[in-house]
Amino acid sequence: MSSFRNLYIHIPFCRSKCDYCAFYSEAGREDLIAAYLCRLKEDIVAAELPDVIDTVYIGGGTPTLLSPQMLRELIPILPQAEERTIEANPETLNPEKISILADNFSRISLGIQSFDPQLRRILGRDCSQNAIENALKLIDHAQFRHWNIDLIYGIGTQTLSAWEWELEQAMNWPIDHLSCYALTREENTRLAPDAQTLDHEEREADMAELTREVIHRRLTQYEISNYACPGGECRHNLNVWHGKRYLGIGAAAASFDGKDRWNQAADIEAYINNCSAEIDILAPGERAREVFAVNLRTVEGWNSSSWREAELAVSIDWTQMVEKIAIIAEKYPGLIDYGADFIRLTQRGRDFWDIIAGELI
Ligand code: SF4
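### Description of the sheet that holds strand S13 (residues 261-263)
The strands that make up a sheet pair up through hydrogen bonds in the backbone, lying either parallel or antiparallel. One open sheet accounts for three strands, arranged S12-S13-S14; its pairing is antiparallel. Edge strands, defined here as strands with exactly one partner in the open sheet, are strand S12 (254-256) and strand S14 (278-280). Put simply, the sheet's adjacent strands are angled 25° from each other on average, direction ignored.

Right under this line is the structure:
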């Protein structure tokens with residue numbers, strides 16, 4: 001039996017491709033969904049996971065592009081889990097799908113990105129205001145245990161007050177989790193250069209600061225881009241950041257077994273045809289430092305016991321990590337808070353996470 005207790009399944013189909021999107025997904029390939037699901041089911045069965053695991057996360061792409069019938073076929077072969085998350089896009093939801101999802105998932109993550117139709121146009125995101133309103137009402141009515149909304153900031157000429165309005169729109173709903181990402185111009189996307197006006201660190205920091213102020217009565221920041229009520233944190237992501245092992249099934253899905261990370265081919269047909277995964281091999285010490293750096297994105301950071309519980313094939317002694325951090329902290333004053341039994345980044349340190357991570361890895 002497999003030892004993985006966290007499962008990620010990638011559904012790489014979308015109705016249309018958003019201009020900023022760097023996730024692997026394809027639009028207009030609905031003809032491949034049935035064959036893709038067959039392959040997924042074979043892989044899930046072959047993984048021999050325990051009947052009950054810690055987390056299941058279905059992401060994409062657009063998992064809710066699957067028809068009710070397809071969802072009904074996929075769900076029974078998923079392991080039970082304390083947390084089962086599915087990502088959803090407003091334009092693909094209807095009462096029948098929501099009822100299936102509410103019966104089988106404890107957590108729904110709704111990709112809105114912006115409540116402003118003009119900003120969604122800049123993002124090349126094909127979703128009507130009606131679809132957003134309907135999706136919000138359907139999810140609200142279904143009463144999932146946990147509900148996340150995704151938003152993007154720094155779009156075009158978006159001002160701080162426009163961002164505040166977006167946050168208020170999201171907070172009008174009984175969500176217990178909010179993910180806010182700065183718009184970034186990734187390679188191989190169609191995003192126009194003038195769609196992104198954030199002057200990087202300083203402006204991002206202003207928007208993040210405003211986010212914390214606007215939502216602080218209900219949600220607190222627990223990772224650079226994520227905010228939650230106590231108990232509303234995404235357990236799947238926390239496990240990944242804490243160096244727990246996870247299995248990814250589907251095109252472009254990533255897995256980690258405590259030693260190596262590997263990615264399935266980012267190609268639907270290659271995945272259906274069983275192409276082999278690409279393995280990212282790192283020396284054990286480098287892998288441990290990489291895992292250590294990733295979790296410094298969380299507000300809590302590490303302590304000696306959470307570091308011991310990371311499921312690494314070969315770890316590094318906690319005292320060595322403290323010594324290494326002490327050297328980096330001296331070079332970058334004010335960015336790292338640490339003691340004999342804890343290491344975390346300060347608020348300002350998280351704004352410069354990539355620099356600290358670069359020093360560690
Ligand atoms: S819906 Fe999501 S995954 Fe699909 S193209 Fe848009 S951002 Fe990418």
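Having seen it, we continue.
### Description of the site of the ligand
Residues in contact with the ligand, as listed here, are Cys 14, Lys 17, Cys 18, Cys 21, Phe 23, Ser 25, Gly 60, Gly 61, Thr 62, Asn 89 and Gly 111. For the shell around the ligand, a count of residues per class yields four nonpolar, six polar and one charged.

### Regarding unusual backbone geometry
Gly 60 connects to Gly 61 through a cis peptide bond whose omega is 20°. Examined against the element boundaries, Gly 61 turns out to sit in the loop between strand S4 (52-60) and helix H2 (68-74). A positive phi angle is found at Glu 48, which is not glycine, with a value near 50°. Positionally, Glu 48 belongs in the loop between helix H1 (33-46) and S4. With a phi angle near 75°, Gln 113 is a residue other than glycine that sits in the positive phi range. With respect to the element layout, Gln 113 can be found in strand S6 (residues 107-113). For Gln 113, a count of 25 C-beta atoms within 10 Å translates into the label buried.

### Considering the sheet that holds strand S16 (residues 336-339)
Ordered by their spatial adjacency, three strands build an open sheet running S15-S17-S16, and the pairing between neighbours is antiparallel. Here the strands that pair on one side only, and so sit at the sheet edges, are strand S15 (302-303) and S16. Sheet topology note: the S16/strand S17 (residues 342-345) ladder contains four bridges and is antiparallel. Bridge pairing in S17 links Asp 337 to Arg 344.

### Some points on the domain arrangement of the chain
In terms of domain boundaries, the chain breaks down into domain 1 (6-239) and domain 2 (284-361). A separation of 28 Å is found between the C-alpha centroids of domain 1 and domain 2. Taken together, the contacts link six residues of domain 1 with six residues of domain 2. Elements with a contribution of two residues or more to the side of domain 1 that touches domain 2: helix H7 (200-215) and strand S9 (220-223). The residue inventory of the side of domain 1 that touches domain 2, partitioned by class, reads three nonpolar, one polar and two charged.

### Structural notes on the pairing of S4
The element S4 is extensively covered by neighbouring structure, given that seven of its nine residues are classed as buried. Judged from the six bridges that link them, strand S1 (residues 6-11) and S4 form a sheet pairing that is parallel. Within S4, the residue paired with His 10 across the bridge is Gly 59.

### Looking at the environment of Leu 312
Along the chain, Leu 312 turns up in the loop between helix H11 (304-309) and helix H12 (318-331). In this structure Leu 312 comes out as buried when scored by C-beta crowding, with 20 C-beta atoms within 10 Å. Filtering out sequence-adjacent residues up to four positions away, Leu 312 remains in contact with Gly 243, Gly 258, Arg 287, Ala 288 and Val 291.

### Concerning the nonpolar core
Counting 67 residues, the largest nonpolar core has Leu 7, Ile 108, Ile 139, Leu 151 and Leu 178 as its most contacted members. With residues up to four places along the chain from it excluded, the contact list for Leu 151 reads Ile 112, Gln 113, Ser 114, Glu 166, Ala 170, Leu 178 and Cys 180.

### Here's the deal with the environment of Ala 340
Mapped onto the fold, Ala 340 is located in the loop between S16 and S17. When the C-alpha positions of Ala 340 and Ile 11 are compared, they lie 43 Å apart, and in sequence the two are 329 residues distant.

### A word on helix H5 (residues 129-142)
Compared with an ideal rise of 1.5 Å per residue, which puts 14 residues at 20 Å, H5 spans 20 Å between its outermost C-alpha atoms and is within 8% of the ideal. In the segment just after H5, Gln 143 is the residue with positive phi, at about 55°.

### Observations concerning the packing of helix H3 (residues 95-104) against H5
Packing of H3 against H5 leaves a shortest axis separation of 10 Å and a crossing angle of 35°. Handedness of the H3/H5 crossing: right-handed. Across from Pro 95, Ile 98 and Ala 102 in H3, the residues of H5 making contact are Leu 138, Ile 139 and Ala 142. For the contact of H3 with H5, the per-class residue count stands at six nonpolar, no polar and no charged.

### Considering the pairing of S6
By the criterion of burial, S6 is predominantly enclosed, with seven of the seven residues buried. Two elements, strand S5 (residues 80-88) and S6, share four bridges in a ladder whose sense is parallel. By the bridge assignment for S6, Glu 87 is matched with Ser 109.

### Some words on the environment of Gly 285
Locating Gly 285 in the fold gives a position in helix H10 (residues 284-295). Residue Gly 285 is classed as exposed on the basis of its 12 C-beta neighbours within 10 Å.

Rules behind the numbers
Residues numbered from 1 in each chain as written. Predicted model: local features only at pLDDT ≥ 70, side-chain atom pairs only at ≥ 80, totals over all residues. Pairing = 2+ DSSP bridges. Helix = DSSP H or I, 4+ residues; strand = E, 2+ residues; numbered from the N terminus. Axes fitted to C-alpha atoms, helices over the stretch in contact; angles between N-to-C directions. Near = placed C-beta within 6 Å. Nonpolar A, V, L, I, M, F, W, Y, C, P; charged D, E, K, R; others polar. Buried ≥ 20, exposed ≤ 12 C-beta atoms within 10 Å, placed from the backbone. Domains from an automatic or database assignment. Contact = placed C-beta atoms within 7 Å. Core = buried A, V, L, I, M, F, W, Y, C linked by C-beta atoms within 7 Å. Expected span 1.5 Å × (residues − 1). Left-handed = near helix turned anticlockwise from the far one by under 90°.

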